[in-house]
Every structure is written in C-alpha cells, then in structure tokens.
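# Structural features, examined
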Amino acid sequence: MSKVLMVGAGGFIGAILRYSVSLYMAKISQFDIPLGTLLVNALGGFLIGTIMEFSISTELISPELRLFLTTGIFGGFTTFSTFSYETVALLSDRAYMLGFLNVVLNLFLSIFGVVLGRLVVYIVI
C-alpha cells in the first residue's frame with residue numbers, strides 16, 4: 001500500500017475516533033470547556049510519544065506502521081484546528097478565563113502526554 005493511502009486510511013480512522021470521543025464527552029460533560037478536544041489532544045500526545053519512542057528504541061514498529069499510526073491515525077485524531085476555533089469562540093464570547101484555561105490545559109496535557117508516552121516506553125523496554 002502506498003504511503004499516501006496509508007496516511008489517508010489512518011486519518012479516516014483517527015477522524016472517526018475523534019468525532020466519537022467528542023460526541024461522547026459532550027454528552028457526559030457538565031463543563032463549559034470543550035473536554036472532548038482536550039481529551040483527544042492529551043491522549044493523542046501520549047500515543048504519539050509512545051509510538052515514536054517505541055519505534056525509535058526498538059525494531060518492532062516498521063517505518064510504514066509508524067507513518068500509518070502517527071501521521072495517519074493520531075494526526076486525524078488530534079485536533080489543533082478544532083482547539084484553535086473553540087478557543088477563539090470562547091474568547092469571542094468574552095469567556096476569557098475559559099479560553100485561557102482551554103489553551104493552558106490543551107498545551108500542557110498534550111506535551112505531558114508525549115513525555116508520559118516516552119517514559120512508558122523507557123519503563124517497558
């Protein structure tokens with residue numbers, strides 16, 4: 001399968017997963033902050049960090065599988081553009097504290113997810 005098709009297939013899967021998580025979180029959340037986007041960004045950061053470190057540290061993940069997972073699935077799963085739009089919407093509604101909280105939590109938890117994913121690989125191998 002060509003690399004372009006692998007990325008496209010992965011992106012399709014990731015986008016469906018993102019949409020499903022966002023719908024579910026909107027249904028169960030009682031907060032005004034978009035928790036679905038926060039969850040997928042933090043989880044996506046963790047998963048990308050884990051897969052990248054695992055693929056660099058071992059030979060168990062081929063470059064093709066790494067491309068499918070990271071650029072494809074997790075690229076389609078994480079939502080920086082959605083995060084940006086939702087932050088601007090909060091700020092436009094003059095919900096400045098929520099907008100600031102949304103930025104801080106998404107950035108911190110996404111970066112923390114990558115670090116945590118790498119640490120998990122260090123512990124496991």
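Residues numbered from 1 in each chain as written. Predicted model: local features only at pLDDT ≥ 70, side-chain atom pairs only at ≥ 80, totals over all residues. Heavy atoms only, no water.

Looking up the protein chain in an unreviewed UniProt entry gives the name Fluoride-specific ion channel FluC, with the organism given as Fervidobacterium gondwanense DSM 13020. Of the protein chain, the UniProt comment under Function (unreviewed entry) reads exactly: "Fluoride-specific ion channel. Important for reducing fluoride concentration in the cell, thus reducing its toxicity." Per UniProt, the comment on the protein chain under Subcellular location (unreviewed entry) is "Cell membrane". (UniProt positions renumbered as here; feature names shortened; annotations may be inferred.)

## Some remarks on the packing of helix 1 (residues 3-28) against helix 3 (residues 63-77)
The interhelical angle for the contact between helix 1 and helix 3, taken along N-to-C directions, is 35°, at an axis separation of 6 Å. Classified by chirality, the crossing of helix 3 by helix 1 is right-handed. Contacts between helix 1 and helix 3 involve Lys3, Met6, Val7, Ala9, Gly10, Gly11, Ile13, Gly14, Ala15, Leu17, Arg18 and Val21 from the former and Glu64, Leu67, Phe68, Thr71, Gly72, Ile73, Gly76 and Phe77 from the latter. (Axes fitted to C-alpha atoms, helices over the stretch in contact; angles between N-to-C directions. Helix = DSSP H or I, 4+ residues; strand = E, 2+ residues; numbered from the N terminus. Left-handed = near helix turned anticlockwise from the far one by under 90°. Contact = heavy atoms within 4.5 Å.)

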